[in-house]
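As a plain string of letters, each chain reads:
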Amino acid sequence: MTNPDNTSGSQRLNLEKMPGHWLLARMGKRVLRPGGRELTNDLLSELGIGPGDYVVDLAPGMGATAKLILRHHPAGYTGIERDEIAAARVNDLDDNFRYRCVVATAQNTGLSDNSAHVVVGEAFLTMHSEEDKQKILHEAFRILRPGGRLGIHELSLRPASLDPETQKQVRGDLTRAVHVGARPLTSTDWQALIKRAGFKIRYESDAAMRLLEPTRLIKDEGLPRALKIVFNILRTPVARRRIRAMRGIFRKHSDHMGAIAIIADKPKS
């Protein structure tokens, strides 16, 4: 990986302004989920994806979860990714004609009604307004077959009774740190949102939000890649400054930030 701070001023400005998750990806990070690989594995295990399932993956990004899904050899896989470069990366994961990633939005996938058995979405609903969150969940409900499963893994606020003023402060600090709107919800509010889209909650799990802590970094990425990421950050002053600020916010609000995984079913009738 080249050192972004040895590139042009416009590229350095890009590092200053780009969303936090893409900055981390530029440094080599592949697992960009708030609950880490462990909570993703928990989510996929409970979803029980099998060879008879058609899976829709909303905003697969770097493709880390897509790789895990494809290990289950589903009958079909469609990633919905608005970024063309990310979509191309996911398409390179497997040349099976039944597996594809298309350029579209989670609000308007372009897929047929009742065409999927499983819809998965990780760490992207958090970045949408409540109105768009609801639109995305309604779209997931539309494309799922009766009895189909929805699985999400998102940033959460805790405890469930967290007062509105503290919620506002956490969201504001996060937004300023990651340079993209961050609107995590409490577990109660996540469940209510999903239920309003017509789903029935079946499963919930949570984890600490330790995305930038050394132990989580090694656990998620493995020691060799973790060391490479640290090296890239250390030699890139813009990234080092921004990532230090992000970790500072995560630590400041550690008592009120977590990760949540929820599985919900579309009723059979």
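Predicted model, so just to flag it, every value in this text is computed and none were measured.

K.L.:
Run through the overall build of the protein, naming residues and quoting values.
P.N.:
Across its full length, the protein carries 11 helices and 8 strands. Against the 2.2 N^0.38 benchmark of 18 Å for 269 residues, the protein shows a C-alpha radius of gyration of 18 Å, consistent with a compact globule. Principal-axis analysis of the C-alpha atoms gives the protein an extent of 55 × 50 × 30 Å. Look at the contacts in the protein between residues 6 or more apart in sequence, and 76% of them connect residues 24 or more apart. Per element, the accessible surface of the protein, about 12600 Å² overall, is 52% carbon and sulfur. Treating the 42 positive side-chain charges of the protein as one cloud and the 31 negative ones as another, the clouds have centres 4 Å apart.

K.L.:
Pulling in residues and values, what's your account of the pairing of strand S1 (residues 54-58)?
P.N.:
Burial of S1 is extensive: 4 of the 5 residues sit out of reach of the surface. Looking at chain direction, S1 and strand S2 (residues 76-81) are connected through 5 bridges and run parallel. Paired with Val56 across the strands is Thr78, a residue of S2. As defined by bridge partners, S1 adjoins strand S4 (residues 116-122) across 4 bridges and the pair is classed as parallel.

K.L.:
Can you break down unusual backbone geometry residue by residue, with the values?
P.N.:
With omega at 0 degrees, the peptide bond leading from Arg158 into Pro159 counts as cis. Mapped onto the elements of the fold, Pro159 is located in the loop between strand S5 (144-157) and helix H7 (164-178). One non-glycine residue, His73, lies in the positive phi region at around 50 degrees. Inspection of the secondary structure puts His73 in the loop between helix H4 (64-70) and S2. Note on His73: relative accessible area 55%, which makes it exposed. Backbone geometry places His179, a non-glycine residue, at a positive phi of 60 degrees. Position of His179 relative to the elements: it lies in the loop between H7 and strand S6 (185-186).

K.L.:
An account of the pattern of salt bridges is needed here, citing residue identities and associated values.
P.N.:
Counted according to the given criterion, the structure contains 13 salt bridges. Notably, a salt bridge pairs Asp113 with Arg142, separated by 2.5 Å at the nearest N-O pair. Of this pair, Asp113 sits in the loop between strand S3 (99-103) and S4 while Arg142 sits in helix H6 (residues 130-143), and the two are 29 residues apart along the sequence. A salt bridge links Asp173 to Arg176; the shortest N-O distance between them is 2.7 Å.

K.L.:
Kindly report on the side chain of Glu154, identifying the contributing residues and their values.
P.N.:
By secondary structure assignment, the location of Glu154 is in strand S5. Notably, Glu154 is buried but unbridged: the nearest opposite-charge side chain belongs to Lys133, and the N-O separation is 7.3 Å. Of the polar contacts made by the side chain of Glu154, one reaches the backbone nitrogen of Ala123; its length is 3.2 Å. With near-sequence residues (within four places) excluded, Glu154 lies in contact with Pro34, Gly121, Glu122, Ala123, Phe124, Leu125, Thr126, Trp190, Gly258, Ala259 and Ile260.

K.L.:
Please give an account of the packing of H7 against helix H11 (residues 237-252) that cites residues and values.
P.N.:
Between H7 and H11, the shortest axis-to-axis distance is 9 Å and the interhelical angle comes to 165 degrees. Relative to H11, the element H7 is oriented roughly antiparallel. For H7 against H11, the interelement crossing comes out left-handed. For the pair H7 and H11, the contacting residues are Gln169, Asp173, Leu174, Ala177 and Val178 in the first and Arg242, Met246, Ile249, Phe250 and Lys252 in the second. Here the residues of the contact of H7 with H11 are counted per class, giving 6 nonpolar, 1 polar and 3 charged.

K.L.:
Explain helix H10 (residues 223-234) residue by residue, including any values.
P.N.:
The first and last C-alpha atoms of H10 sit 16 Å apart over 12 residues, in line with the 16 Å expected at 1.5 Å per residue. Inspection of H10 places Ala226, Ile229, Asn232 and Ile233 among the buried residues, and these make up the whole buried set. Looking straight down H10, one finds that the buried residues subtend no more than 125 degrees of arc, so they occupy a single side. Among the exposed residues of H10, those pointing more than 90 degrees away from its buried face are Pro224, Leu227 and Leu234. In the core, the buried residues of H10 are packed alongside helix H9 (214-221) and H11.

K.L.:
Tell me about the nonpolar core, residues and numbers included.
P.N.:
Formed by 30 residues in total, the largest nonpolar core has its most connected members in Leu24, Leu174, Leu212, Ile243, Phe250 and Met257. Elements that contribute at least two residues to this core include exactly helix H2 (20-26), S5, H7, H10 and H11. In terms of residues, this core owes the most to one element, H11, which gives 6 residues. Dropping the residues within four chain positions of it, Ile243 is found in contact with Leu23, Leu24, Met27, Leu212 and Ile233. Counting 26 residues, the second largest nonpolar core, distinct from the first, contains Val56, Ala104, Phe124 and Leu144.

Analysis parameters
- Residues numbered from 1 in each chain as written.
- Predicted model: local features only at pLDDT ≥ 70, side-chain atom pairs only at ≥ 80, totals over all residues.
- Heavy atoms only, no water.
- Helix = DSSP H or I, 4+ residues; strand = E, 2+ residues; numbered from the N terminus.
- Rg over C-alpha atoms; globule rule 2.2 N^0.38 Å.
- Contact = heavy atoms within 4.5 Å.
- Areas by Shrake-Rupley, 256 points an atom, 1.4 Å probe, with all protein chains shown as cover.
- Lys, Arg positive; Asp, Glu negative; His and termini not counted.
- Charge placed at Lys NZ, Arg CZ, Asp CG, Glu CD.
- Buried < 20%, exposed > 50% of the residue type's maximum accessible area, 1.4 Å probe, protein only.
- Pairing = 2+ DSSP bridges.
- Salt bridge = Lys/Arg side-chain N within 4 Å of Asp/Glu carboxyl O.
- Polar contact = N/O pair within 3.5 Å; in protein donor to acceptor, adjacent residues only side chain to side chain.
- Axes fitted to C-alpha atoms, helices over the stretch in contact; angles between N-to-C directions.
- Parallel < 35°, antiparallel > 145°, perpendicular 65-115°, else oblique.
- Left-handed = near helix turned anticlockwise from the far one by under 90°.
- Nonpolar A, V, L, I, M, F, W, Y, C, P; charged D, E, K, R; others polar.
- Expected span 1.5 Å × (residues − 1).
- Arc of directions from axis to C-beta.
- Core = buried A, V, L, I, M, F, W, Y, C linked by side-chain atoms within 4.5 Å.

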